[in-house]
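Residues per chain, in single letters:
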Amino acid sequence: MFTGIIEEVGEIKRMNKSGPVVEITIGCDKILEDMHIGDSISVNGTCLTVTSFTNESFTVDMIQGTESITYIAKLKQGDRVNLERALLATGRLGGHFVQGHVDGQGTIASIKASENEWIYTIKCDEKLLNQMVQQGAIAVDGISLTIFKLTQTYFEIHLIPETRKATILKDKSTGDPVHLETDMLFKYVEKLSQQKGSELTKEKLLKYGF
């Protein structure tokens, strides 16, 4: 489990594909401080397991199932990635509950800059848009963000300078892909509301402040 608060931006040092597995070595600094074999690390919002590490980098393996739903396998040496260690039970939850299970990809349709923020418009499948609510939470490349505008074809997020500076979103351009993970709590609500005979609806939940 993660919070969507990026701890560090790392750099891809090596990508090695061997059969159905892609071995990825990522250079970083901060998150190595208490790393162990088997730790879960969010890499651009994708939960991957540490298989080895040194004092300068760590290595994870990505299986074919993960490769098929993410763009991780298309990364190359020198690319930067968002990194976050798994949530400690004793830590502050600054973002929202993020599982690191990417639901799909979106595409950046536009980026508008103003004096105090950047507005990113992201297009994605209708299935993902149906799991979002305006002012709700969304993880974009592993970053916990708020949905400021939601339509039938896209949603908007607003980035303050600190968030943009501390993540790889400042490296992204129009047309680039992003990983999306919708709010876990909303998925449960959607499942319950679709069950036969259920009186629970999205409208009722919104009415009562959910």
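Per an unreviewed UniProt entry, the protein goes by Riboflavin synthase and derives from Staphylococcus massiliensis S46. Per UniProt, the protein carries the Pathway (unreviewed entry) text "Cofactor biosynthesis; riboflavin biosynthesis; riboflavin from 2-hydroxy-3-oxobutyl phosphate and 5-amino-6-(D-ribitylamino)uracil: step 2/2." Entered under Subunit (unreviewed entry) in the UniProt record, the comment concerning the protein runs "Homotrimer."

Trainee: Looking at this structure, how should I read the sheet that holds strand β7 (residues 104–113)?
Mentor: Within the closed barrel, the 6 strands sit side by side as β7-β8-β11-β10-β9-β12. Their pairing is antiparallel. On average, each strand axis in the sheet is tilted by 45 degrees relative to the strand beside it, whichever way the strands run. Judged from the 4 bridges that link them, strand β9 (residues 137–140) and strand β10 (residues 143–150) form a sheet pairing that is antiparallel. Residue pairing for β10: A137 is matched across the bridge by T146.

Trainee: Is there a simple way to explain the pattern of salt bridges in this structure?
Mentor: Pairing is possible between side chains of opposite charge, provided their charged atoms come close. The tally for this structure, following the rule as stated, stands at 7 salt bridges. For R80, the salt bridge goes to D171, with nearest N and O atoms at 2.7 Å. Here D171 lies in the loop between α3 (161–165) and β12 (177–182) and R80 lies in strand β6 (residues 80–85), a separation of 91 residues in the sequence. A cluster of three or more residues bridged by salt bridges with shared partners is formed by E7, D34 and R85.

Trainee: Explain the nonpolar core to me, please; I cannot follow it from the model alone.
Mentor: The nonpolar side chains of soluble globular proteins are, as a tendency, buried together. Of all hydrophobic cores here, the largest spans 21 residues; its most connected members are I24, I26, I41, V43, F58 and L83. Listed by contribution, the elements that provide at least two residues to this core are β2 (21–27), β3 (40–43), β4 (46–53), β5 (57–62) and β6. In contact with I26, other than residues within four places in its own chain, are G10, E11, I12, K13, V43, E56, S57, F58, V81 and L83.

Criteria and cut-off values
- Residues numbered from 1 in each chain as written.
- Predicted model: local features only at pLDDT ≥ 70, side-chain atom pairs only at ≥ 80, totals over all residues.
- Heavy atoms only, no water.
- UniProt positions renumbered as here; feature names shortened; annotations may be inferred.
- Pairing = 2+ DSSP bridges.
- Helix = DSSP H or I, 4+ residues; strand = E, 2+ residues; numbered from the N terminus.
- Axes fitted to C-alpha atoms, helices over the stretch in contact; angles between N-to-C directions.
- Salt bridge = Lys/Arg side-chain N within 4 Å of Asp/Glu carboxyl O.
- Core = buried A, V, L, I, M, F, W, Y, C linked by side-chain atoms within 4.5 Å.
- Buried < 20%, exposed > 50% of the residue type's maximum accessible area, 1.4 Å probe, protein only.
- Contact = heavy atoms within 4.5 Å.

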